[in-house]
Amino acid sequence: MLAYTFKRLIQGVITVWFIATATFFAMHAVPGDPLANERATTEAIRKNLEARYGLDRPVTEQYVLFLGNMMRGDFGISFTQENRRVNDIIRESFPVSATLGILAVAFAAFGGVVWGALTAIYRNRLPDLVITFLVILGISVPGFVVAALGQLALVDINAWLGFSLLPIAGWGSIRHMIVPSMVLGLGTMAYLTRLMRSSMLEITNSDFIRTARAKGLPPTRIFLKHQLRNAILPVITVLGPSIAAITTGGFVVELVFAIPGLGRSFVQSVQQLDYTVIMGTTVFYGAFLVFMVIVVDLLYGLIDPRVRLE
Amino acid sequence: MTASAANPVAPVLDVKDLHVEFDTYGGIVKAVRGVSFDVHAGKTLAIVGESGCGKSVTVQSIMGLIPMPPGRITRGTAMLDGVDIVQQKIVNGRDIRGNRVGMIFQDPMSALNPTMRVGDQIAETLQVHRGYSKRQAFDRAVEVLTLANIPEADKRARQYPFAFSGGMLQRAMIAIAIACEPAVLIADEPTTALDVTIQAQILDLLKDLQRRNGMAIVLITHDLGVVARMADDVSVMYAGEIVETGSVDDVFYRAAHPYTLGLKAAMPSSTTPKDQGLRPIEGTPPDLFAPPDGCGYFARCPHAMRVCGPSHPPNVEVDPRHNALCWLHHPDAPRTVSELHRRVQA
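Reading guide: rules and limits
Residues numbered from 1 in each chain as written. Chains lettered and ligands numbered in written order. Predicted model: local features only at pLDDT ≥ 70, side-chain atom pairs only at ≥ 80, totals over all residues. Heavy atoms only, no water. Contact = heavy atoms within 4.5 Å. Buried area = accessible area lost by both parts, 1.4 Å probe. Salt bridge = Lys/Arg side-chain N within 4 Å of Asp/Glu carboxyl O. Polar contact = N/O pair within 3.5 Å; in protein donor to acceptor, adjacent residues only side chain to side chain. Helix = DSSP H or I, 4+ residues; strand = E, 2+ residues; numbered from the N terminus. Nonpolar A, V, L, I, M, F, W, Y, C, P; charged D, E, K, R; others polar. Pairing = 2+ DSSP bridges. Axes fitted to C-alpha atoms, helices over the stretch in contact; angles between N-to-C directions. Left-handed = near helix turned anticlockwise from the far one by under 90°.

Colleague: Looking at this structure, I do not really get the interface of chain A and chain B. What am I missing?
Modeller: Interface extent is often summarised as the accessible area lost during association of the parts. Taken together, the contact between chain A and chain B spans 22 residues of the former and 29 residues of the latter. Area buried by chain A at its contact with chain B is led by Arg210, Arg213 and Lys215 of chain A, which between them contribute 27% of it. Counting across the chain A and chain B interface gives 2 salt bridges. Lys215 of chain A is the partner of Glu124 of chain B in a salt bridge, and the nearest nitrogen-oxygen pair spans 2.9 Å. Counting every contact that joins chain A to chain B gives 16 residue pairs in polar contact (both at pLDDT 80 or more). Looking at the side of chain A that touches chain B, the elements that each hand over two or more residues are α8 (207-214), α9 (219-231) and α14 (305-308) of chain A. The element best represented in the side of chain A that touches chain B is α8 of chain A, accounting for 6 residues. Of the residues contributing to the side of chain A that touches chain B, the split by class is 8 nonpolar, 4 polar and 10 charged.

Quick look at the structure:
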């Protein structure tokens, strides 16, 4: 198990290095640079700035410098946000994104398992059809539409009630987090519901469920101890990538609900070609994604004993 | 207490006129059409027949394991110690399944929950039926595994099914089935998925356990070798009906139904000359969407008469406790049974 964990971590480091390298050269291949945006710079000022940020050196040299700094955990200073260190930006805004992401994942996983199990139990009957309809809606409607509609609905509800049930935007209290995390988790929840449904149906017809019934176990026990545990395995498999996707993919929701998360910095940095912030956030997100996948793979072994041996 | 305890002659399990149907997209399949059999404590009844003849559906419907719908028991009774478990639907109650009637299945590799320790899967039954505590049930599970000839049972009980071989898993399944000392054990092709040496061990284990606790065994198989080794009585099923029933000797040496004779003739033996090929029964079983009015075996029967097509054959008692569903035994039939035997053996 320890050797396996170690192996996965080494693989993870290589993956992150690859992400960093690919992003670095892709970023430099884009026309323009962080200074091209600057108001009326004279040639001399531009030269000075380039020298200060090291942009006057060859790309390969810059790359080596960047790698060296990255190893020390230093991503440098932002080009556009005056004198803010990239590490500080991540440190301040990532906890916000992570909180939102974790809530969204919890919502998606819980909802996916419950709805998926329900659709399987009521297969081809009314509850199944209703939930399946909503699931298809959840998968097909893009996140920014759901976000806008969610916000609009919130406005209407608050107006109708005459007081603010939940705030429509901003960040701070738990009440701010409810609607954005639901919106953010919706697509994943819909996807997990489908997965859970097919997984449940497959398990229902399996031999060991027949054995459990032949043993005379009560239906609730069969459901909880035999069916659910086995049906949940594929859901856990996709949970790792889902966590990363949700946490890193939240920038639309962050923008709509005016949440000061990392997603916003990430998108802005790309638009402004803010080299250091692009590299910092990409490497950070990449490492986070890789790490979550490893964590979930290790977690999988806790539920399925067959995986533990490897 | 129970009827069988009061009257040792009464069978433990007595199934009468069982009919089972399934709704399918193609129509209604009449899978079981009036099956009757009984089995006594300490005895083994083998139900034999080819694939799709309704063997498994018969026993699974008695156990309430067929999905309903689309499955449906339209008629019949199954008395367990004098109480009907089919019509009263009490088979779904915990008291019967896993407690009074145990069941083992064909493929042990997939019959156990892969994410649960083997010992826990046995203990579960005891917790539910006997109200044992977790600890108590697990200790008893280890004992039962030992009874099922699993070496190092206390270590094995803590392992998961993937760590077991096929034969070991079938032993574990048997341990689950006998944990509550059932009156009847239903074994649905218990050795079909296992290799021959393991088969013999499993059959010996079943016999041994039967001697120990006097349970009745209903053994479903299509292997006549297994029947000869295990059974006291045999019921031969064909197209959803029992066509012949009797003691092993009756059915093997004095077969009274042309289908049984066909099965025996099809079985190669060590004395069969090398140059003689296998002798299969020509044709296929009838379509159970529309079972024939007359004899189900009519189309394949080498001894068929005109009456066999339109009229359902009578159930004739050819010897005491030896019945055959065949017109050949009717007093007006031109051919006698002995003549039949000569023809088949020639």
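Colleague: Just to check I follow, could you spell out the sheet that holds strand β5 (residues 83-84) of chain B for this structure?
Modeller: Sheet strands associate in pairs through backbone hydrogen bonding, adopting either a parallel or an antiparallel arrangement. All names here are of chain B. The sheet built from 4 strands is open, its strands ordered β2-β1-β4-β5 with antiparallel pairing. The sheet terminates laterally at β2 (27-39) and β5, the two strands that pair on one side only. Across 2 bridges, strand β4 (residues 71-80) lies against β5 in antiparallel orientation. Bridge pairing in β5 places Leu80 opposite Val83. The strands touched by helix α2 (residues 55-62) within the sheet are β1 (13-24), β2 and β4, with β1 carrying the most contacts at an inclination of about 105°.

Colleague: Would you take a moment to explain the sheet that holds strand β6 (residues 101-104) of chain B for this structure?
Modeller: Residues and elements named next belong to chain B. Strand order in the open sheet formed by 8 strands is β6-β7-β8-β3-β9-β10-β12-β11, with mixed pairing between adjacent strands. The sheet terminates laterally at β6 and β11 (315-319), the two strands that pair on one side only. Between one strand and the next, the sheet's axes are offset by a mean angle of 20°, whatever the strand orientation.

Colleague: Honestly, the packing of helix α4 (residues 118-130) of chain B against helix α5 (residues 134-147) of chain B in this entry has me stumped. Any pointers?
Modeller: For any two helices packed against each other, the geometry is given by the interaxial angle and the distance between the axes. All names here are of chain B. Two elements in contact, α4 and α5, have axes separated by 8 Å at closest approach and are oriented at 115°. Considering how the two elements wind past one another, α4 and α5 form a crossing that is right-handed. In contact with Gly119, Asp120, Ile122, Ala123, Leu126 and Gln127 of α4, α5 contributes Lys134, Ala137, Phe138, Arg140, Ala141 and Leu145. When its residues are assigned to classes, the contact of α4 with α5 shows 7 nonpolar, 2 polar and 3 charged.

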